Amino acid sequence: MSNAVIDQLNEKMASSIEALKRDLVKIRTGRATLSLLDGVKVNAYGSQMTLEQVAALTIPESNMIAIKPWDPQVLASIEKAILASDLGLTPSSDGNVVRLTIPPLTEERRKELVKQVKKLGEEHKVAVRNVRRDANDTFKKMKKDKDISEDDMFRLQDESQKATDSFIAQIDEIVSGKEKEVMAV
């Protein structure tokens, strides 16, 4: 029973790391990446669809994304969807292809993005600590119900603390890597 709690704790903490990576991918670094467009939904054929479902996405240059719709009638909807998103990018179209030019980041904008990265890191650290707290509460309840001894409770709490320290170190490493990527010119 107690090993199941530790396994569950490790699973939840690992999923928090994955969520952090997904969140950080969406932060712009001055380079074109297709993941910037992950959250953009296009109103096409009477429903909300992702860009990948209605167009071919390519990166012809390091600071440009080209979006070639499968159906030319969707071109205007793609432009509207990009303008409505919070990307801060202005699409330009030649009638066949929508191009997004990623402008170079200013020093001020880079610092804002670093703050955003640190904030995301802190949020995920809090999530990891909450998982530890829940596990420790479970261990205390198990001791109270006499399912485990006091020594086992302390051993399990120590294990959960070691796991927490390990995952927080991973978060710090991921965040510092992203900071370096954002600050690189």
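See above for the structure.
These remarks concern the structure in this document. (Residues numbered from 1 in each chain as written. Predicted model: local features only at pLDDT ≥ 70, side-chain atom pairs only at ≥ 80, totals over all residues. Heavy atoms only, no water.)

### So, the side chain of T50
Relative to the helices and strands, T50 resides in strand 2 (residues 47–50). Overall, T50 belongs to the buried group, its relative accessible area being 17%. Apart from residues no more than four positions distant in its own chain, T50 is found in contact with V40 and K41. (Helix = DSSP H or I, 4+ residues; strand = E, 2+ residues; numbered from the N terminus. Buried < 20%, exposed > 50% of the residue type's maximum accessible area, 1.4 Å probe, protein only. Contact = heavy atoms within 4.5 Å.)

### Side note on the sheet that holds strand 5 (residues 91–93)
Across the sheet, four strands lie side by side as 3-4-6-5; this open sheet has antiparallel pairing. Of all strands in the sheet, those with a lone pairing partner are strand 3 (55–61) and strand 5, marking the two edges. Neighbour-to-neighbour, the strand axes of the sheet open up by a mean angle of 25°, direction not taken into account. Direction of pairing for strand 3 relative to strand 4 (residues 64–69): antiparallel, over a ladder of five bridges. Within the sheet, the bridge partner assigned to L57 lies in strand 4 and is I67. (Pairing = 2+ DSSP bridges. Axes fitted to C-alpha atoms, helices over the stretch in contact; angles between N-to-C directions.)

### Description of the nonpolar core
In this structure, M13 and F139 are the most contacted members of the largest nonpolar core, which totals 27 residues. Elements that contribute at least two residues to this core include exactly helix 1 (2–25), helix 4 (107–144) and helix 5 (150–183). With nine residues, helix 4 is the largest single contributor of residues to this core. Counting 23 residues, the second largest nonpolar core, distinct from the first, contains L37, A55, L89 and V98. (Core = buried A, V, L, I, M, F, W, Y, C linked by side-chain atoms within 4.5 Å.)

### Focus: the layout of surface pockets
Where empty space is left becomes clear once a probe the size of a water molecule has been rolled over the atoms. What the largest pocket holds in volume is close to 440 Å³. Here the lining of the largest pocket gets four residues from one element, more than from any other, and that element is helix 4. Of the residues assigned to the lining of the largest pocket, the class counts are six nonpolar, five polar and five charged. (1 Å grid on protein atoms, 1.4 Å probe; cavity = no way out; pocket = protein on both sides within 12 Å on 5 of 7 lines; lining within 4 Å. Points joined across faces, edges and corners; volume = space filled by probe spheres on them. Nonpolar A, V, L, I, M, F, W, Y, C, P; charged D, E, K, R; others polar.)

### A closer look at helix 3 (residues 75–84)
Within the sequence span of helix 3, burial applies to L75, I78, A81 and I82. The arc that holds the buried residues of helix 3, viewed along the axis, is 125°, so those residues lie on one side. Exposed residues pointing more than 90 degrees away from the buried face of helix 3 are listed as K80, L83 and A84. Tucked into the core, helix 3 has its buried residues touching strand 1 (41–44), helix 2 (51–54), strand 3, strand 4, strand 5 and strand 6 (98–101). (Arc of directions from axis to C-beta.)

### Things to note about the environment of T29
In this structure, T29 sits in the loop between helix 1 and strand 1. Other than its neighbours up to four places away in sequence, T29 contacts L105, R110, K178, E181 and V182.

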